[in-house]
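Survey of secondary and tertiary structure
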There are 2 protein chains.
Amino acid sequence: MTPTIGVPEVLARSRAAIGPAMAAALDRLNPEIRRVATYHVGWTDADGTPVESPGGKGIRPTLAMLSAEAAWADSALGIPGGVAVELVHNFSLIHDDIIDRDTERHHRPTVWSVYGVGPAIVAGDALQVLAHQVLLESSPERGAAASAALADATAAMIAGQAEDIAFEKRRDVTVEQCMAMSSAKTGALLGCASSIGAILAGAPEATVWALRDYGRHLGLAFQAVDDLLGIWGDPARTGKPAGSDLRQRKKSMPVVAALAAGGADSDELRSLVVGPVGANGSLGPLTPDEVERAAYLVEACGGRAWTAVRAKANLDTALGALERVRLSAVPHRELADIAVFVLEREA
Amino acid sequence: MTPTIGVPEVLARSRAAIGPAMAAALDRLNPEIRRVATYHVGWTDADGTPVESPGGKGIRPTLAMLSAEAAWADSALGIPGGVAVELVHNFSLIHDDIIDRDTERHHRPTVWSVYGVGPAIVAGDALQVLAHQVLLESSPERGAAASAALADATAAMIAGQAEDIAFEKRRDVTVEQCMAMSSAKTGALLGCASSIGAILAGAPEATVWALRDYGRHLGLAFQAVDDLLGIWGDPARTGKPAGSDLRQRKKSMPVVAALAAGGADSDELRSLVVGPVGANGSLGPLTPDEVERAAYLVEACGGRAWTAVRAKANLDTALGALERVRLSAVPHRELADIAVFVLEREA
């Protein structure tokens, strides 16, 4: 199926449908936690005053709703799934920002830097459990299956995060390990988002699996593009300093691929980014000159091209998964459009 | 029903039944996370080497198994519930230790102080979601109800923790607010532990509610005793310095009750523990002399006696709840024994 235009409409439509359900979910939180959560999602400022916010793109809730529609059901069946996945996504962002000591996200101070580490941990914990409450109350029969799928995806995402932390201290991360980590950290939750509406709609397993595979590969494509932006992205658009992943010595896909290439450039890259044997953990950030040199070396070793090819290949696999079963035509087209649109906008 | 002796046997029996199920659950974790989790529960040292450990008392899993038996079912039906509640309990301990900056628990360094804040956050997150995986996979029909009950209890526990953090910065915590916070923070999860086996056994609602009320009031009684120990406990037994709650200006039940008493002693206590108006957040710990004086004032204002009365009243309410429905006699007696045994051992 050839992707068409029109994606912003489906995102806006989904936001209008998910917004009230998300607000109702956050209203269940204790006031202390709700203040932190509404700040994090951009609905209020640090004091709790409502603000006009463009909000996130809302890709995950949109996928959840479209997955119900693609499985020939009413999009409303996907709403609790969209809310639940968005809650888990936000829980992971709040905790990741503490772990990575990031002080800014989307040009706003992160939750822990505004409210402190304790309230940020508690808010993340609360959003994780709220997601399961929303699903388990949504439908007596199907809520449990959706909750189990979300729990599995969340567990995979958390395992990916643990690997990511462990990789920072290791010299010997292989391309395969890096891909597996990315798949777990990003792909699992997107795979859940893009199939949870179908689960809530009681769709056949083959449909759920096809939609999940679409989301998992979309996640891998996202991650590849994100890794490219982490080195070559425009700071004005990414909201991060140029080459920030290299500065932090992050073993992202382009870097790992370049390190695996071998040869003089690859060796020089290794000594720059990984440092000498035994230096792990004691290395500071790269200087701007080192970042520039490292970016050149990653590209010279083929790491940039390899990652771009991976992004495209995963996008193709994602689109191919949608062809495995008979989906409703309009949401099928919209799922394809979203994949192409988001990747092109990001890249 | 008059409590009898014999509680250590039931705890040992439960440990033998829960241990392998707990090990199987932890084996599902990513190796990085499993290392942290097995250290936390005392099965391994910081490097992952197995150690002989007495382990915790295992009250929660015991309650879960007994709640299945009390509802006239096989105790095995309660095992996934016992594992799940224990996982949530441990998730909360790992995160609470980060939040409270506690470096020791049960005479061992806390998880964050051994592995760092990031791995501790991730390990706690992983245990929370693992609990739901265990339940949702345990039984197609009843796993969802058990998971929903655990999610509600976890949400209440997290809300209690958020209140606890907020209370530290407030001057005006009432006795009622303090009780509500304690009830949420401790009572909700114990209420879930003491009824989840009955839920998994498909027991009637009245039975589930009676068992849950027993656990909630047992939790309040525990909390009251814990607050007494936090001021007057023997450091050799509590593993905390004498008067540690006062040192940290914690608004525990005895303190809040004493502050509410009014009069000269109460005013002096307020200026010691709460400090002058506007001083919140900038106050350091009390000196040993101030701790001693504050403990005297709490007692003089009746805070110690009031809290002891609350502990006893909640124990009586817990035991009374068990009389509301017809429970199987042996587990009924064991539930009553556990309540009395644990409170007396702690007090």
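Because the structure is predicted, anything quoted here is derived from the model rather than measured. (Residues numbered from 1 in each chain as written. Chains lettered and ligands numbered in written order. Predicted model: local features only at pLDDT ≥ 70, side-chain atom pairs only at ≥ 80, totals over all residues. Heavy atoms only, no water.)

Attention now moves to the nonpolar core. With 186 residues, the main nonpolar core has Leu87(A), Leu150(A), Tyr214(A), Leu87(B) and Tyr214(B) as its most contacted residues. If sequence neighbours within four positions are ignored, Leu87(B) has contacts with Met22(B), Ala25(B), Leu26(B), Leu127(B), Leu130(B), Ala131(B) and Val134(B). (Core = buried A, V, L, I, M, F, W, Y, C linked by side-chain atoms within 4.5 Å. Buried < 20%, exposed > 50% of the residue type's maximum accessible area, 1.4 Å probe, protein only. Contact = heavy atoms within 4.5 Å.)

Facing the 33 residues of chain A at the interface are 34 residues of chain B. Taking both partners together, chain A and chain B bury about 2700 Å²; carbon and sulfur atoms supply 72% of that area. Between the two partners, chain A and chain B, sit zero salt bridges. Put simply, chain A and chain B have eight residue pairs in polar contact (both at pLDDT 80 or more) between them. For the side of chain A that touches chain B, the leading source of residues is helix α7 (residues 142-168) of chain A, giving 14 residues. Along the lines of polarity and charge, the residues of the side of chain A that touches chain B split into 20 nonpolar, eight polar and five charged. (Buried area = accessible area lost by both parts, 1.4 Å probe. Salt bridge = Lys/Arg side-chain N within 4 Å of Asp/Glu carboxyl O. Polar contact = N/O pair within 3.5 Å; in protein donor to acceptor, adjacent residues only side chain to side chain. Helix = DSSP H or I, 4+ residues; strand = E, 2+ residues; numbered from the N terminus. Nonpolar A, V, L, I, M, F, W, Y, C, P; charged D, E, K, R; others polar.)

The subject of this paragraph is empty space enclosed by the protein. Taking a probe equal in size to a water molecule and rolling it over the atoms shows the remaining empty space. Residues and elements named next belong to chain A. The tally for this structure, following the rule as stated, stands at one cavity of 30 Å³ or more. Space inside the largest cavity adds up to approximately 40 Å³. Considering the residues around the largest cavity, the lining is formed by Val 10, Arg 13, Ser 14, Thr 62, Met 65, Leu 66 and Glu 69. Within the residue set of the lining of the largest cavity, elements represented by two or more residues are α1 (7-26) and α3 (59-70). Looking at the lining of the largest cavity element by element, the count peaks at four residues for α3. (1 Å grid on protein atoms, 1.4 Å probe; cavity = no way out; pocket = protein on both sides within 12 Å on 5 of 7 lines; lining within 4 Å. Points joined across faces, edges and corners; volume = space filled by probe spheres on them.)

Note on the copies: chain A fits chain B at an RMSD of 0.1 Å, the axial shift is 0.0 Å, and the rotation between them is 180 degrees. Taken together, the turn and the small shift mark the pair as related by a two-fold rotation axis. Scanning chain A for the C-alpha nearest the rotation axis identifies Ala144(A), at a separation of 2.7 Å. A high fraction, 100%, of the interface residues of chain A reappear at the interface in chain B, so the copies pair face to face through one surface. (Least-squares fit on C-alpha atoms with pLDDT ≥ 70 in both.)

With a phi angle near 50 degrees, His106(A) is a residue other than glycine that sits in the positive phi range. By relative accessible area, which is 67% here, His106(A) ends up exposed. Not every positive phi belongs to a glycine, and Trp72(B) is a case in point at roughly 65 degrees. The topology assignment puts Trp72(B) in the loop between α3 (59-70) and α4 (79-99). What makes Trp72(B) partly exposed here is its relative accessible area of 48%.

Turning next to the packing of helix α12 (residues 253-261) of chain A against helix α13 (residues 264-273) of chain A. Residue and element names in this part refer to chain A. With their axes 7 Å apart at the nearest point, α12 and α13 run at an angle of 130 degrees to one another. The angle between the axes of α12 and α13 places the two elements in the oblique class. In this structure, α12 meets α13 at a crossing whose hand is left-handed. Contacts from Val 255, Ala 258, Leu 259, Ala 260 and Ala 261 in α12 reach Ser 266, Leu 269, Arg 270 and Val 273 in α13. (Axes fitted to C-alpha atoms, helices over the stretch in contact; angles between N-to-C directions. Parallel < 35°, antiparallel > 145°, perpendicular 65-115°, else oblique. Left-handed = near helix turned anticlockwise from the far one by under 90°.)

Moving on, we get to the pattern of salt bridges. This model, assessed by the stated rule, comprises 22 salt bridges over all chains. Between Asp213(A) and Arg324(A) there is a salt bridge, with the nearest N and O atoms lying 2.9 Å from each other. Highlighted residues: Asp213(A) in helix α9 (residues 205-232) and Arg324(A) in the loop between α15 (303-321) and α16 (329-346), separated in sequence by 111 residues. We classify Arg324(A) as partly exposed; its relative accessible area is 48%. A salt bridge links Asp316(B) to Lys312(B); the shortest N-O distance between them is 2.9 Å. Separated by four residues within a single helix, Asp316(B) and Lys312(B) lie in helix α15 (residues 303-321), roughly one turn from each other. Of the residues examined, Lys312(B) reaches a relative accessible area of 47% and is grouped as partly exposed.

This paragraph deals with the confidence of the model for chain A. In the predicted model, chain A carries a mean pLDDT of 90, and 95% of its residues have values of at least 70. The ipTM value of the predicted complex is 0.91, and its pTM value is 0.92. (pLDDT = per-residue confidence, 0-100.)

Residues and elements named next belong to chain A. Tracing the chain through its elements places Ser 113 in helix α5 (residues 111-115). Under the relative-accessibility criterion, Ser 113 is labelled partly exposed at 33%. Separated by 2.8 Å, the side chain of Ser 113 and the backbone oxygen of Thr 110 make a polar contact.

To continue, consider the side chain of Ser182(B). Checked against the element boundaries, Ser182(B) lands in helix α8 (residues 175-200). Among all residues touching Ser182(B), those that are not within four sequence positions of it are Gly187(B), Leu220(B), Gln223(B) and Met253(B).

Take the environment of Gly302(A) next. Tracing the backbone shows Gly302(A) in the loop between α14 (288-300) and α15. Exposure remark for Gly302(A): the relative accessible area of 28% places this residue in the partly exposed category.

Moving on: helix α4 (residues 79-99) of chain A. Residue and element names in this part refer to chain A. For α4, spanning 21 residues, the distance from its first C-alpha to its last is 30 Å, which sits close to the expected 30 Å at 1.5 Å a residue. The buried fraction of α4 amounts to 21 of the 21 residues, a majority that puts the element mostly inside the structure. Arg 101 lies just past α4 and shows a positive phi near 55 degrees. (Expected span 1.5 Å × (residues − 1).)

On to the packing of aromatic side chains. Residues and elements named next belong to chain A. Counting across every chain of the model gives two aromatic pairs over all chains. Between Tyr 39 and Tyr 115 the ring centres are 5.7 Å apart and the planes differ by 75 degrees, which places this aromatic pair in the edge-to-face class. Separated by 76 residues along the polypeptide, Tyr 39 in helix α2 (residues 31-40) and Tyr 115 in helix α5 bring together distant segments of the chain. Each member of the pair Tyr 39 and Tyr 115 is classed as buried. The ring of Tyr 39 is capped by Arg 108, whose NZ or CZ atom sits 4.1 Å from the centre of that ring. (Phe/Tyr/Trp six-rings, centres within 6.5 Å; stacked < 30°, edge-to-face > 60°. Lys NZ or Arg CZ within 6 Å of the ring centre and 35° of its normal.)

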